[in-house]
Amino acid sequence: MATSVQDFRIESDLIGERQISNDKLYGVQTLRGVENFNISAFHLSDYPLFIHGLAWTKEAAAIANHRLGLLSDQQKDAIVTACHELLEGKHHDQFPVDMIQGGAGTTTNMNANEVICNRALELMGHAKGEFKYLSPNDHVNGSQSTNDAYPTAIHLGLYASHLKLRPHFIQLIEALEAKSRQFAHVVKMGRTQLQDAVPMTLGQTFGGFASILRHEIANLDYAAQQFLAINMGATAIGTGISSEPEYADYCTAAMAEITGWPITRTDDFVGATSDTSEMIGYSSALRRIAVKVNKICNDLRLLSSGPRCGLGEINLPAMQPGSSIMPGKVNPVIPEVMSQVCYKVMGNDLCVTMAGDASQMELNAMEPVMAQCCFESIDLMIQGFDTLRTLCIEGITANEETCRSYVRNSIGIVTALNPIIGYKNSTKIAKEALETGRSVYDLVIEHGILTQEDLDKVLAPENMIQPVRLDIKPLK
């Protein structure tokens, strides 16, 4: 059924007039952005915490402008209420713009201005588009520019996303720590350069996984804290033009009160307006985590390789058939998918770095793709962490006998004997074991270097996995 002309309103901008469907809260500049930037599958509506960042930003600006006498009580209250509705999850479908866009984020900023303005007009008892009562530019965007409102909204949205990510990361670490305790008694061979090294426990392996990730919490938190310095009041290039002297402080204070976060204004607005170091730093922190998680996934695949012709020291949960042609094959699909998440995060970080390097003069016009990459990386990490934890880590079991047999038959245990029997004896035993295929254990006894009692003491699990002092002397 055709839509009648009465179902549309007319809005205009610098370019001209356009018809806007009356069921839309967004306006003409959002419509142009949708038409101009049909680039990716990533839309603002897919990132609710970014929309929250925009809502917090516009609410704080309205409170500051009202305090300065630039908005009436009714205008301020309507804007604030419209922002609260966005924070409640309403109207997010009214943010159709592509996350990747030209214009340094102007399309996103105007999308927020238009949605908030038209919803506020409805709350004031007016029709959408009756901008003589409330304007998206003069009132909702009052005392602002895209160049301070947009990066501020990104900062707030990413900080909120960090707070969402953090518990998922900690849960993954705790799952690894639980496995460390569960496998504390399982002695296995450690390996360097994929060659036998010295004994350790499987618990130490998983404890090492957990520790290298736990070390990243402080680094990630530090990077996230940088988002709490904002440049609201900088307006176009950092000079604060078109805002009143008190506005920046009023707006920052309002934002801190709204969010409950220790938000401060950045030291230098001119420098901050063209600088994207905060996104670069946080993306880098995510990349560090991705590198470490991928190392863990690689190790899990190696340790579980087999089941008959690989290492086979651990078993990963069987999640699905692994081949369309090889019956009985089960692949390590969860570590595989997590590795791919890690590669995507690493790739996003490269994009963020290159876009950050593209800053020119008083603005970085490439902020939109930087924001998209950061938000996407966080979402991928959250899903990846939970998938790896629940579908893999928590269900891992140990093949204890396989681990023990590798230790008993390994040349590597001669390293534990070296402080007792000396390097010359150790080399002699290691060489003969390699040439004959016999065990180090049997050869040490056969050559009369140690008694079986002393050898068992040296090779006791508790004496091979930590520094010890043993009062044992070789027989020769």
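Because the structure is predicted, anything quoted here is derived from the model rather than measured.

Chemist: Hey, could you run me through the overall build of the protein chain in this one?
Modeler: Looking only at helices and strands, the protein chain features 17 helices and 8 strands. Over its C-alpha atoms the protein chain spans a radius of gyration of 31 Å, topping by over 25% the 23 Å that the globule rule assigns to 476 residues. Projected onto its principal axes, the C-alpha coordinates of the protein chain cover approximately 100 × 55 × 35 Å. The 476 residues of the protein chain split such that 50% are buried. As displayed, the protein chain has an accessible area near 21900 Å², and 52% of this comes from carbon and sulfur atoms. Within the protein chain, the 54 negative side-chain charges are centred at a point lying 11 Å from the centre of the 38 positive side-chain charges.

Chemist: Sorry if this is basic, but what is going on with helix H2 (residues 48-67) here?
Modeler: Residues three or four positions apart in an α-helix share a direction because the helix packs 3.6 residues into each turn. Taking 1.5 Å of rise per residue, the 20 residues of H2 would be expected to cover 28 Å, and the 29 Å separating its terminal C-alpha atoms lies within 8% of that figure. The buried count for H2 comes to 15 of 20 residues, which makes it a mostly enclosed element. Immediately downstream of H2, the backbone of Gly69 shows phi near 80°, a positive value.

Chemist: I tried to follow the side chain of Ser135 on my own but got confused; where do I start?
Modeler: When you line up the elements, Ser135 lands in the loop between helix H4 (106-123) and helix H5 (136-140). Those residues in contact with Ser135 that lie beyond four places of it in its chain are Cys117 and Val140.

Chemist: Help me understand the nonpolar core, please; the structure alone is not making it clear to me.
Modeler: The nonpolar side chains of soluble globular proteins are, as a tendency, buried together. Grouped together as the largest cluster of nonpolar side chains are 104 residues, with contacts concentrated most on Phe50 and Leu300. Ranked by residue count, the leading element in this core is helix H6 (residues 146-182), at 15 residues. Excluding residues that lie within four positions of it along the chain, Phe50 makes contacts with Leu44, Met99, Thr108, Tyr150, Ala153, Ile154, Gly157 and Phe375. If you look at the next biggest cluster of nonpolar residues, it comprises 22 residues, including Met189, Ile421, Ala430 and Met464.

Chemist: Help me understand the pairing of strand S2 (residues 17-21) in this model?
Modeler: Successive side chains on a regular strand alternate, one facing one side of the sheet and the next facing the other. Summarising the sheet, strand S1 (residues 8-12) and S2 pair through 5 bridges and their orientation is antiparallel. Within the sheet, the bridge partner assigned to Ser12 lies in S2 and is Glu17.

Chemist: What exactly am I supposed to notice about the packing of aromatic side chains here?
Modeler: A ring pair, where both rings are aromatic, is described by two values, the distance of the centres and the angle of the planes. For the coordinates displayed, the defined rule picks out 9 aromatic pairs. Look at Phe50 and Phe375: their rings are 5.1 Å apart centre to centre, the planes differ by 20°, and that puts the pair in the stacked class. Placement of Phe50 in helix H2 and of Phe375 in helix H12 (residues 367-391) is noted, with a sequence separation of 325 residues between them. A single burial state applies to Phe50 and to Phe375, both of which are buried. An aromatic cluster of three or more residues is present, and its members are Tyr47, Phe50, Tyr150 and Phe375. The ring of Tyr441 is capped by Arg408, whose NZ or CZ atom sits 4.0 Å from the centre of that ring.

Chemist: Can you help me understand the pattern of salt bridges in this one?
Modeler: Note on pairing: side chains with opposite charge can pair once their charged atoms come close. Applying the stated criterion to the full structure yields 23 salt bridges. Note that Asp221 is salt-bridged to Arg166, the shortest N-O span being 2.8 Å. Within this pair, whereas Asp221 is found in helix H7 (residues 202-225), its partner Arg166 is found in helix H6, the two being separated by 55 residues in sequence. Among the salt bridges present, the one from Arg265 reaches Asp249, with a minimum N-O distance of 2.9 Å. Here Arg265, found in strand S6 (residues 264-265), pairs with Asp249, found in helix H8 (residues 247-259); they are 16 residues apart in sequence, far enough to count as distant. With relative accessibility at 34%, the residue Arg265 sits in the partly exposed group. Given a relative accessible area of 43%, Asp249 falls into the partly exposed group. Each of Glu85, Arg119, Glu122 and Lys128 takes part in a single network of salt bridges with overlapping partners.

Chemist: Which parts of the structure should I look at to understand the environment of Ala433?
Modeler: When you line up the elements, Ala433 lands in helix H14 (residues 414-436). Between the C-alpha atom of Ala433 and that of Tyr282, which follows or precedes it by 151 residues, the distance is 51 Å. Those residues in contact with Ala433 that sit more than four places away from it in its chain are Ile411, Arg438, Val440 and Leu443.

Chemist: For this particular structure, what's the right way to read the state of the cysteines?
Modeler: Among covalent bonds in proteins, the disulfide is the one between the sulfur atoms of two cysteines. Under the counting rule described, the total for this entry stands at 0 disulfides. Free of any disulfide, Cys297 has its nearest cysteine sulfur in Cys342, 5.8 Å distant.

Chemist: Explanation requested: unusual backbone geometry in the structure shown.
Modeler: Backbone phi values are negative for most residues with the exception of glycine, while trans is the configuration of most peptide bonds. Residue Pro307 is reached from Gly306 by a cis peptide bond, and omega for that bond is 10°. Despite not being glycine, Met361 has its phi angle at roughly 55°, a positive value.

Chemist: Even after reading the chapter, I still don't get the environment of Thr451, so can you show me in this structure?
Modeler: Residue placement: Thr451 occurs in the loop between helix H15 (440-446) and helix H16 (452-458). Residue Thr451 is classed as partly exposed on the basis of its relative accessible area of 32%. Along the sequence, Thr451 and Ile472 sit 21 residues apart, while their C-alpha atoms lie 10.0 Å from each other. A polar atom in the side chain of Thr451 sits 3.1 Å from the backbone nitrogen of Asp454.

Chemist: So what exactly am I meant to see when it comes to the packing of helix H10 (residues 277-303) against H12 here?
Modeler: Helix-helix packing is characterised by the crossing angle of the two axes and by the distance between the axes. The interhelical angle for the contact between H10 and H12, taken along N-to-C directions, is 30°, at an axis separation of 11 Å. As judged from the angle between their axes, H10 and H12 are roughly parallel. Every pair of crossing elements has a handedness; the one defined by H10 and H12 is left-handed. Within the contact between the two elements, H10 uses Met279, Ile280, Tyr282, Ser283, Leu286, Ile289, Ala290, Val293 and Cys297 and H12 uses Glu367, Met370, Ala371, Cys374, Ser377, Ile378, Met381, Phe385 and Leu388. Of the residues belonging to the contact of H10 with H12, the class tally is 15 nonpolar, 2 polar and 1 charged.

Definitions and limits used
Residues numbered from 1 in each chain as written. Predicted model: local features only at pLDDT ≥ 70, side-chain atom pairs only at ≥ 80, totals over all residues. Heavy atoms only, no water. Helix = DSSP H or I, 4+ residues; strand = E, 2+ residues; numbered from the N terminus. Rg over C-alpha atoms; globule rule 2.2 N^0.38 Å. Buried < 20%, exposed > 50% of the residue type's maximum accessible area, 1.4 Å probe, protein only. Areas by Shrake-Rupley, 256 points an atom, 1.4 Å probe, with all protein chains shown as cover. Lys, Arg positive; Asp, Glu negative; His and termini not counted. Charge placed at Lys NZ, Arg CZ, Asp CG, Glu CD. Expected span 1.5 Å × (residues − 1). Contact = heavy atoms within 4.5 Å. Core = buried A, V, L, I, M, F, W, Y, C linked by side-chain atoms within 4.5 Å. Pairing = 2+ DSSP bridges. Phe/Tyr/Trp six-rings, centres within 6.5 Å; stacked < 30°, edge-to-face > 60°. Lys NZ or Arg CZ within 6 Å of the ring centre and 35° of its normal. Salt bridge = Lys/Arg side-chain N within 4 Å of Asp/Glu carboxyl O. Disulfide = S-S within 2.5 Å. Polar contact = N/O pair within 3.5 Å; in protein donor to acceptor, adjacent residues only side chain to side chain. Axes fitted to C-alpha atoms, helices over the stretch in contact; angles between N-to-C directions. Parallel < 35°, antiparallel > 145°, perpendicular 65-115°, else oblique. Left-handed = near helix turned anticlockwise from the far one by under 90°. Nonpolar A, V, L, I, M, F, W, Y, C, P; charged D, E, K, R; others polar.

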